[in-house]
Amino acid sequence: MDVRASTRFIRVSPQRTRNVVDMIRGVPVNTAITTLNFTNTKAAKIVGKTLKSALANAKQREVENLDELFVKEVFVNEGPIMRRFIARAMGRATRIRKRTSHITIVLSDGMQEAARAHHAAPQAAAHEVKEGAKEKHKDLSKKQAVRPTAKDSKIKSKAMEKFVRMKDQKKIGTHEKKGM
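From a predicted model like this one, the values you see are computed outputs, not experimental measurements.

(A) How the structure looks around the overall build of the protein chain. Of regular secondary structure, the protein chain possesses 5 helices and 5 strands. For the protein chain, the α and β elements follow one another from N to C terminus as β-α-α-α-β-β-β-β-α-α. Counting all 180 residues of the protein chain, 25% fall into the buried class. When contacts within the protein chain are restricted to residue pairs at least 6 apart in sequence, those whose partners lie at least 24 apart make up 68%. Only carbon and sulfur atoms are counted for the fraction: they give 53% of the accessible area of the protein chain, which is about 13,900 Å².

Okay, here's the thing in structure tokens:
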């Protein structure tokens, strides 16, 4: 069973919050709470509150094993930006962007993933047969494709601009490229 909690309009930039969130993705809840308690940032405190809120939602929905819960998904979206101005020299002003973020945490006990894996097993075998047929088709098309030869390097095209024509190699040497 999945349990969700979100906190919106947090006055921390999404980039700083994502640094904290990356530490707890896919980790058991107890380990995630401990990690956030020992991380010394403003974002860690807010993410910790959101994680505890998700855990309280799990208790409210009467999830059987709270010890087996892990952080299935964590993501940070960008919220609205508060724009402010600060005075600068010679009567100018500079814009200051005060960024906000929305944090969402999804906890899971792993029961749905096990059920999905059980149902997806017969379909995976059929999918592998289709991929095998596609690979054979790709191998045939590779054999039929014409490969460029050394004579073709004389012709300049957009794809081969990095290479030097044969005449120019004689003048500047084979190890150097033209224009470098």
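(B) Structural view of the pairing of strand E5 (residues 101-108). With 8 of 8 residues buried, E5 lies mostly within the body of the structure. The alternating pattern of E5 places Ser-101, Ile-103, Ile-105 and Leu-107 on one face and His-102, Thr-104, Val-106 and Ser-108 on the opposite face, and all of these are buried. Sheet topology places strand E1 (residues 2-10) next to E5; 7 bridges connect them, and they run antiparallel. Residue pairing across strands places Arg-4 opposite Val-106, the latter belonging to E5.

(C) The arrangement of the packing of helix H1 (residues 14-24) against helix H3 (residues 42-60) in detail. Relative orientation of the contacting elements H1 and H3 amounts to 55°, with a least axis distance of 9 Å. The orientation of H1 relative to H3 falls into the category oblique. Relative to H3, H1 is oriented so that their crossing is right-handed. In this structure, H1 uses Arg-16, Thr-17, Val-20, Val-21 and Ile-24 to contact H3, whose residues at the interface are Ala-43, Ala-44 and Val-47. Each residue belonging to the contact of H1 with H3 can be placed in one class, and the counts come to 6 nonpolar, 1 polar and 1 charged.

(D) Main features of helix H2 (residues 29-37). Those residues of H2 that fall on the buried side of the exposure criterion are Val-29, Ala-32, Ile-33 and Leu-36. Buried residues in H2, looked at end-on, bunch into an arc of 100°, giving them a common side. Against H1, H3, strand E2 (70-78) and E5 lie the buried residues of H2.

(E) Representation of a positive patch on the surface in the model. Among the surface-exposed residues, Arg-11, Lys-42, Arg-84 and Lys-98 lie close enough to one another that they form a single positively charged patch. Tracing the chain through its elements places Arg-84 in strand E3 (residues 82-87).

(F) Expanded view of the sheet that holds E2. Spatial ordering of the open sheet is given by E1-E5-E2, a layout of 3 strands whose pairing is antiparallel. Of all strands in the sheet, those with a lone pairing partner are E1 and E2, marking the two edges. Recorded for the sheet is a direction-independent mean angle of 15° between the axes of neighbouring strands. As paired strands, E2 and E5 are joined by 8 bridges and run antiparallel to one another. Following the sheet pairing, Val-76 is matched in E5 by Ile-103. Across the sheet, H1 is in contact with E2 and E5; its angle to E2 comes to roughly 170°.

Conventions we followed
Residues numbered from 1 in each chain as written. Predicted model: local features only at pLDDT ≥ 70, side-chain atom pairs only at ≥ 80, totals over all residues. Heavy atoms only, no water. Helix = DSSP H or I, 4+ residues; strand = E, 2+ residues; numbered from the N terminus. Buried < 20%, exposed > 50% of the residue type's maximum accessible area, 1.4 Å probe, protein only. Contact = heavy atoms within 4.5 Å. Areas by Shrake-Rupley, 256 points an atom, 1.4 Å probe, with all protein chains shown as cover. Pairing = 2+ DSSP bridges. Axes fitted to C-alpha atoms, helices over the stretch in contact; angles between N-to-C directions. Parallel < 35°, antiparallel > 145°, perpendicular 65-115°, else oblique. Left-handed = near helix turned anticlockwise from the far one by under 90°. Nonpolar A, V, L, I, M, F, W, Y, C, P; charged D, E, K, R; others polar. Arc of directions from axis to C-beta. Patch = residues over 30% accessible without salt bridge, like charges linked within 9 Å, V, L, I, M, F, W, Y side chains within 5 Å. Salt bridge = Lys/Arg side-chain N within 4 Å of Asp/Glu carboxyl O. Lys, Arg positive; Asp, Glu negative; His and termini not counted. Charge placed at Lys NZ, Arg CZ, Asp CG, Glu CD.

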